[in-house]
Structure formats: C-alpha cells, structure tokens
Amino acid sequence: MLNIFKKTNNSNDNFELDYNNIPKHIAIIMDGNGRWAKKKNLPRTFGHKAGVETIRKIIKECNKLGVKYLTLYAFSTENWKRPAEEVNSLMGLLVEYLKKEFDELNRNDVVINYIGDISKLPHNCQTELVKAKEKTINNNGVVMNLALNYGGRSEIINAFNSLLSNLSGEELKNISITEEMLEKHLYTAGMPDPDIIIRPSGEQRISNFLLWQCAYSEFWYSDILWPDFTEKDLQKAIYDYQNRERRFGGI
Ligand code: IPE
Ligand code: IPE
Ligand code: MG
C-alpha cells in the first residue's frame, strides 16, 4: 500500500554517508523522554533513565564518525518549572551519569564540557561537572557540551554583561559591539556554530536552544522519542544534512 504519510526522513534505510562531509558540530534537543515513559505506563523518570542510554550510543557514534562537537540539551532555564521531584531526579541522574560513565567517556577520549549557568545546580552536580571537565580537557575525541540550566536568551544577556564588565566608563561611552566581540563571551566561545540541530519527539521548535549560534544551522526533526533514537537515526540526519545546499545568504 502506498504510504503517503510516511516521513521522508525515516523512510530510506539504504544510504551511504559521505565521510568527507561529516558535520563538525551536531546539537541535539533530547526530547520525548516523558512521553516514552507514559506510553509504557512508567513514571517519567524511567524515560529520563532510558534517555541516558541513548546518550551513550550517540556519543560513541559521533566519535566513530569524527564529529568534533556534540551539544546535548539536557536541562533548560525553563525546566525549573517542572515538579520538584522530577527536577531532583534529573539532577540525581546527572551525577550518577558522570560518576558511572566517566571512565568509559575518558577511555573513548571524550572531552566533557558544559554550557549554561551551572551555579544554580545542586552543589554535587557542579563538583562532578568541574571535575569531569578538568580531567578530560586534554582528550582528543568529540567535545560533549552538556547544556545545563542553559537558555539562549540568558546566554546572550550574560555575554553582554561579561563583555561590558571588562570596560571602563570612558570605553563604554565609545563602544560599538561587534559579533566577534560578543561571541568571545558566549558559552560556546571558540567553537564552530552547530551545522545541524536535531530534535526528536515530533516538536518543531527551538525552545531557547543556541539562539545566537543557530543562525545558519540546518534543522532536522523526527517523530522518534529520544529513548528510541538510534545510531542509524543519527546517520539519517547526517545523510539528510549532506544532501542539502547551504547557501549562507549567497546564491
Ligand atoms: C526531555 O524529555 C528531557 C528534558 C527536558 C529534561 P521531556 O521530559 O521533555 O519529555 P516529554 O517532552 O515530556 O515527552
Ligand atoms: C527542551 O525540551 C529542553 C530539553 C530537551 C532539555 P522541553 O520539553 O523542555 O521543551 P518544550 O517545553 O516542549 O518546548
Ligand atoms: Mg519535552
């Protein structure tokens, strides 16, 4: 039967990736954990746990493919609106993840990094994050940016504040801020903008993610819920990306 409703994204399993055109920076909005659990009549936290398994697979795949940066949206500045039990369980899961996965991540040469205002996270989260970052800073594999208490708007405001705080009164009067100046104060300073932003779970919105950096990112959506997302889905997104024409405003 002709299935006209089938999404083109997910319909073709026979493709070959161009290994000379792997995106340097992939960003993922890891969404759909709660709905995945609900479908199975499980508490939402089970969905978050299952989501962590997906992270493990996707990092490995990125390393294999030679992706340089992988930014994972794990907790937004708006996610504090969730019930305290869910927030607490997410924070607990983060600490557990960093403790349990550290050795393997380090063995796989992953650089563990974070973006966002982590000073609002529970103390033990902060210590684990700082420790993991320090210990892996000289690794050479994929840089995993965990976006935690991250919001694109607050990142831009912080960048402005940090830029302005370095200037004297006289300098402030004459300043004309450039894009390059501001970029140096973003959490992602020194990193390329994401080539592709992936959002599973059927939602097609940016939810305050990488607002500055997404100016020319390619977007890729899928109905798959994050715990069900596989290496193959990542490859499909990359394949799709490789078949797009990026014009950056040119012709
Ligand atoms: C994404 O899954 C994880 C976080 C935002 C922490 P959700 O928890 O948003 O899952 P849904 O969207 O409710 O299914
Ligand atoms: C975005 O997902 C944030 C993360 C995945 C961490 P949400 O589930 O919070 O986004 P909305 O509320 O559906 O836009
Ligand atoms: Mg969600």
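Residues numbered from 1 in each chain as written. Chains lettered and ligands numbered in written order. Predicted model: local features only at pLDDT ≥ 70, side-chain atom pairs only at ≥ 80, totals over all residues. Heavy atoms only, no water.

## A short note on the overall build of the protein chain
Scanning the protein chain from terminus to terminus reveals nine helices and six strands. Its C-alpha atoms give the protein chain principal-axis dimensions of roughly 70 × 50 × 35 Å. Counting across all 251 residues of the protein chain, residues that qualify as buried make up 47%. Sequence separation of at least 24 residues holds for 77% of the intrachain contacts in the protein chain that already meet a minimum separation of 6. Carbon and sulfur atoms make up 50% of the accessible area of the protein chain, which amounts to about 13,600 Å² in all. Side-chain charges in the protein chain split into 33 positive and 33 negative, and the spacing between the mean points of these groups amounts to 5 Å. (Helix = DSSP H or I, 4+ residues; strand = E, 2+ residues; numbered from the N terminus. Buried < 20%, exposed > 50% of the residue type's maximum accessible area, 1.4 Å probe, protein only. Contact = heavy atoms within 4.5 Å. Areas by Shrake-Rupley, 256 points an atom, 1.4 Å probe, with all protein chains shown as cover. Lys, Arg positive; Asp, Glu negative; His and termini not counted. Charge placed at Lys NZ, Arg CZ, Asp CG, Glu CD.)

## Let's talk about unusual backbone geometry
Most peptide bonds take the trans form, and the phi angle of most residues other than glycine is negative. A positive phi is found at aspartate 109, a non-glycine position, where the angle reads about 70°. Examined against the element boundaries, aspartate 109 turns out to sit in the loop between helix H4 (84-107) and strand S3 (111-115). Among the residues examined, aspartate 109 registers a relative accessible area of 29% and is labelled partly exposed. Its identity is not glycine, yet phenylalanine 248 carries a phi of approximately 50°, on the positive side.

## With respect to the pairing of strand S4 (residues 143-150)
Counting buried positions over the eight residues of S4 gives eight, a clear majority of the element. Across five bridges, the pairing between S3 and S4 is parallel. Following the sheet pairing, isoleucine 112 is matched in S4 by methionine 144. Handedness of the crossover joining S3 and S4 through helix H5 (residues 123-136) is recorded here as left-handed. (Pairing = 2+ DSSP bridges. Right-handed = clockwise from strand over helix to strand, strands pointing away.)

## Notes on helix H3 (residues 44-65)
Here H3 contains 22 residues, and its C-alpha end-to-end distance of 32 Å stays within 8% of the 32 Å for a straight helix at 1.5 Å per residue. Taken together, the buried positions of H3 are Gly47, His48, Ala50, Gly51, Val52, Thr54, Ile55, Ile58, Ile59, Glu61, Cys62 and Leu65. Summarising the contacts, the buried residues of H3 are in contact with strand S1 (25-29), helix H2 (33-39), strand S2 (69-76), H4, S4 and helix H9 (231-242). Positive backbone phi, approximately 85°, marks glycine 66, located one or two places after H3. (Expected span 1.5 Å × (residues − 1).)

## Observations concerning the site of ligand 2
Around ligand 2 sit Ile29, Met30, Asp31, Tyr73, Ala74, Phe75, Asn79, Arg82, Arg199, Arg205 and Ser207, and that is every residue in its neighbourhood. One of the side-chain nitrogen or oxygen atoms of serine 207 is found 2.6 Å away from an oxygen atom of ligand 2. When ligand 2 sits alone it has 390 Å² of accessible area, and the protein chains cover 77% of it. Looking at which element gives the most residues to the shell around ligand 2, the answer is S2, with three residues. Grouping the constituent residues of the shell around ligand 2 by class yields five nonpolar, two polar and four charged. (Near = heavy atom within 4 Å. Polar contact = N/O pair within 3.5 Å; in protein donor to acceptor, adjacent residues only side chain to side chain. Nonpolar A, V, L, I, M, F, W, Y, C, P; charged D, E, K, R; others polar.)

## So, the packing of aromatic side chains
One pass over the structure, following the stated rule, counts nine aromatic pairs. With a centroid separation of 4.3 Å and an interplanar angle of 10°, the aromatic rings of tyrosine 73 and phenylalanine 209 are classed as stacked. With a gap of 136 residues between them, tyrosine 73 in strand S2 and phenylalanine 209 in the loop between strand S5 (196-199) and strand S6 (218-221) connect regions that are remote in the sequence. Using a relative accessible area of 7% as the deciding quantity, one classes tyrosine 73 as buried. For phenylalanine 209, a relative accessible area of 0% puts it in the buried group. Taking 6.1 Å as the distance between ring centres and 85° as the angle between the ring planes, the aromatic pair formed by tyrosine 150 and phenylalanine 209 counts as edge-to-face. Within this pair, whereas tyrosine 150 is found in strand S4, its partner phenylalanine 209 is found in the loop between S5 and S6, the two being separated by 59 residues in sequence. (Phe/Tyr/Trp six-rings, centres within 6.5 Å; stacked < 30°, edge-to-face > 60°.)

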